[in-house]
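Coordinate analysis (summary)
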Amino acid sequence: MSEAFFQFVLKHRLLVIFLAVTLSLLMGSGVKQLQFSNDYRMFFSEENPQLKAFEQLQNTYTKNDNVLFVIKPRNDKVFTRETLTAVAALTKEAWQIPYSLRVDSITNFQHTYAEGDDLVVEDLVLDPQSLTDEQLAEKQQIATSDPLLVNRLISPTAHTTGVNVTVQLPGKKLTEVPEVASMAREMVRNLEADYPHIKVHLTGMVMMNNAFPSASLDDMKSLYPIMFGAVILVLVVMLRSIPGTLSTLIIIILMIIATLGLTGWLGIKMSPPTTTVPIVIMTLAIADCVHILVNFLHNMRDGENKYQAMMESLRINLQPIFLTTLTTAIGFLSLNFSEAPPFRDLGNMSAMGVVLAFLLSITFLPAMMMLLPVKALSGDTLGSVAMIRFSEFVVRNKKGLLWGMGIVILFLVSQIPNNRLDDQFVKYFDETITFRQATDFTTENLTGIYLVEYSLESGETGGISEPKFLQKVEGFAQWYRQQPYVLHVNSITDIMKRLNRNMHEDDNDWYRLPDQRDLSAQYLLLYEFSLPFGLDLNNQINVKKSAIRFTVTMESISTQQLLKIEESAQAWLTEHAPGMRIDGASPTIMFAHIGSRNIIAMLKGTTLALVMISIILIFALKSLRIGGLSLIPNLVPMGMAFGLWGMFVGEVGLALSVVTGMTLGIVVDDTVHFLSKYLRARREKNMDREDAVRYAFSTVGTALWVTSLVLMVGFGILAFSHFQLNAGMGLLTAVTLGFALIADFLFLPPLLIYFGGKNHEANPYSHCIAICARYGTGSYRRRTRFGDRHGDRSTGYRLP
Amino acid sequence: MEIATEIEVRDTGFHDFKATMSMLLRNKHGEESLRDMRNQTLEVDNDGNKTLVVFDEPRDVKGTALLSFSHKAGDDDQWLYLPALKRVKRIASRNKSGPFMGSEFAYEDISSQEVEKYNYKFIDEGGHEGIPSFILERYPVDPNSGYTRQQVWVDKERYIPLKIDYYDRKNSPLKTLVFRDYQQYLDQYWRADEMYMENHQTGKSTLLTWKQYGFRSGLTDGDFNKNSLKRAR
């Protein structure tokens, strides 16, 4: 059947090329609909419990997507007339930012004080130009001692200040985020032009969201050209055939266009993880093409005509390429188990790409090669001699290798526990990205970007005024303030204490919580009547006045440290305020959990993929024993790679937890090629186990290390991504693939020799066949030399 | 402008009224919360009204009373009596554009709407729920207002507002207020039983219900001073 198909392909080559190109471009027309996601929430599925908790918190109070302007005057003094004028101007101007809900700064901070029997509530800085030096000093004193401001909107030394704009994005259009970001940037430009003595940085969740697509585009601009360069280089060196290189390049381009087009049609949004797809599938497509082309060119060199050479190449490659496509696709599809939708997209897109690559390489590629003039290669295929020497080395040292590799593997696997989960989302961006620079600056000079939020429930309507409740909240705030890495705690109790003092003629003795419930409630009522538009308390008190929002700002700390502190916070609440216990919620918490959630999910996915792949292998290889044995080289590389990672890096997160599923399908390819050749030698050629290993090396050894090299280069290029998720994923995948090659070359052969099934009656010529199979009618001299060295073991020595 | 004046003219001369107000607050989550209060308003010649609001619910603020003197020009005067402190406090804030009792109504939305508080522009004629209306745009005079403009649908026949769209400082749609179930009192004065305010940006809403209207109930200036605040429970 397949033969008839290939005959058709080779005969109607123009039609095939026309159809392949047309269909690819038709699929590719969806490219127009490609969109880039710009919301950090993309990393969380709708069912994610931490996301749900956070959404609930945001629905109860207000959303807290924000833009934070961080202002640093060159003289390091915020409380000067010039700088305060700039801050006040920005505070006013910031209301023009689309979707803005509130603007908080040190100038519009609602300062309260007593004046006789009046409660005065007014902006801390009303008219900066009119302030005397004493007044400036007094304002600085007020700002830097107010727990609501210090380490949030003003640094303790008053050298940096912030203007925080809370926006509520409707979430209907993808243009919302860039709209806000570009408006904010324009304001920064204008402000810096009007006030040359200040420097303004931009951070906040909106700026981060905006950085996702720009990081993706940067990656495309910098990585794709490197990738194409590397591909052309590898192809030229390996194939030494211009038509072959050209056809492969066209296939790669068609496949990428078609895959991206399908992505557009399916409405999948591009995200930084999925920008790696073209590189991933490009690498895998090369492997398919190389297998077909190498055999084809080889056959031509052996004197066959173009048609025969291609038919033969397709005949022997169809099954292994189909099989490896299938297992690779299964591996990628296992990413659907991921907790993070972008990685599901990555898996699905790559699976589509792999299938397209397979289809193109058995249709378009042969048709193109028929059409183009091809010269037969002269000389030997790269490195075959080395391969044979290598196989001898392996067979001779089988015992040492088995033990040596076993120990190395065990040692590396034992290092896996050195890996710690860490997902600091700011560090997803590397230091070349403006958002990262601005955020690092903010963390060093003003405040943190990592928040933990709680909605503390009093359990009854109006219960937030209950003195007992307020005391517990105050206790919680004090506990948190004593914890390491805590920069700021926002608690309603600070406002309560301040109001109580204001109501008692600003007497500092009254800076404490009111001891009557109705009194607290009435203070709040009075205060709320005095607040201007956009500065109300609805962002921290719910409508029933039964719960308050409690926000902790942390320094840049690892996920582990964060979760540890949060855990102690839970313990504190359980002990001191059992009724109030609630899990912290925030993007920081969401990212802190995503790594471990994803690992658990991916373990399921990878296990399922492994089972499916093993079953496929058992059927395809028609051997339960060998199929079972294949588990070892399929699993060992991941263990080794994660062990090595544990020794040298030690931080794994969201992206690395998907590497298992992704590499599984690719790692299997090598094993499939090696084992199928081993079994062919055992079954068809009746060789013993050692000779079968030699045969496998000589037939696919070269192809294996070359394709592994291509894959490692491809994934290695991802290490240059500005998006750390991609860089880490690429690097670890490259390492895994390297270990896969090592395992297949150094560990699988000894395993096969010791456990690879009962020896049939040895074929006296098997050793010769093992070697000659690769050489056909080629170099006689080399064969002789080889025979000389091992003559003692070869019984007979002539061509079969 | 003529329309705005006509609205005011038609609503002049009621002298005073009493009513109960209840506000039902709802957040995006569907959580609800109730505020109950009593309102007494006294008409003042050539100036804004005097209003006394006594809170009944939530329980913690029961007996708290707000007295405001609305002015045609300049800031309104406001005092609050806190029964827990047994003190009257003047609210010395120039900026009262924040939410009233945590609701979606700002103080400026429910205080008396003197003609002088806005500049007006006639936009079009149209209809609201089938009632022929004038559509006006008005621009707050107070620089501290939370709005750039408001679009008002005025019933052509009865000269009463039917709907108001509020636009925030960046001129984006912020809230919509709809007046429902107008009743006529003393054969002249129209009052809506329900005022429904919806915030388009946050998804929160507030339903303000007026009940037990009593006009010309004999209130005098003496019912609207600091001392009466303490007595009003």
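Preceding this paragraph is the structure being described.
Residues numbered from 1 in each chain as written. Chains lettered and ligands numbered in written order. Predicted model: local features only at pLDDT ≥ 70, side-chain atom pairs only at ≥ 80, totals over all residues.

**Looking at the overall build of chain B**
If you tally the helices and strands in chain B, you get 3 helices and 13 strands. In terms of overall dimensions, chain B has a C-alpha envelope of 50 × 45 × 35 Å along the principal axes. The buried share of chain B, taken over its 233 residues, is 37%. Pairs at least 24 residues apart make up 40% of the contacts formed inside chain B by residues separated by at least 6 positions. (Helix = DSSP H or I, 4+ residues; strand = E, 2+ residues; numbered from the N terminus. Buried ≥ 20, exposed ≤ 12 C-beta atoms within 10 Å, placed from the backbone. Contact = placed C-beta atoms within 7 Å.)

**So, helix H11 (residues 341-371) of chain A**
All names here are of chain A. Compared with an ideal rise of 1.5 Å per residue, which puts 31 residues at 45 Å, H11 spans 43 Å between its outermost C-alpha atoms and is within 8% of the ideal. Along H11, the sharpest kink reaches roughly 40°, centred on Ser361. When you tally the buried positions in H11, you get 27 out of 31 residues, the bulk of the element. (Expected span 1.5 Å × (residues − 1). Bend = angle between axes of the 7 residues up to and from the residue.)

**Digging into the environment of Thr175 of chain A**
As for its placement among the helices and strands, Thr175 of chain A is situated in the loop between strand E5 (161-167) and helix H6 (176-194). Taking the C-alpha atoms as reference, Thr175 of chain A lies 25 Å from Phe591 of chain A; in sequence the two are 416 residues apart.

**Description of the nonpolar core**
Residue and element names in this part refer to chain A. In terms of nonpolar packing, the biggest core is built from 259 residues, with Val67, Val180, Met255, Ile281 and Ala285 touching the most fellow members. The biggest single contributor to this core is helix H9 (residues 277-301), with 17 residues. The contacts of Val67, once residues within four sequence positions are left out, are Ile97, Val165, Val167, Val180, Ala184, Leu202, Gly204, Val206 and Met207. (Core = buried A, V, L, I, M, F, W, Y, C linked by C-beta atoms within 7 Å.)

**Quick notes on the packing of helix H8 (residues 242-266) of chain A against H9 of chain A**
Residues and elements named next belong to chain A. At a minimum axis distance of 9 Å, the contact between H8 and H9 shows a crossing angle of 145°. As for the relative orientation of H8 and H9, their crossing is right-handed in sense. The residues of H9 that touch H8, namely those facing Gly244, Thr248, Ile251, Ile252, Met255, Ile256 and Thr259, are Val277, Pro278, Ile281, Met282, Ala285, Ile286, Cys289, Leu293 and Leu297. Considered class by class, the residues forming the contact of H8 with H9 number 13 nonpolar, 3 polar and no charged. (Axes fitted to C-alpha atoms, helices over the stretch in contact; angles between N-to-C directions. Left-handed = near helix turned anticlockwise from the far one by under 90°. Nonpolar A, V, L, I, M, F, W, Y, C, P; charged D, E, K, R; others polar.)

**With respect to the environment of Ala571 of chain A**
Here Ala571 of chain A is to be found in helix H18 (residues 559-576). On the basis of neighbour count, Ala571 of chain A is assigned to the exposed category, with 11 C-beta atoms found within 10 Å.

Nothing here speaks to function; it is geometry throughout.
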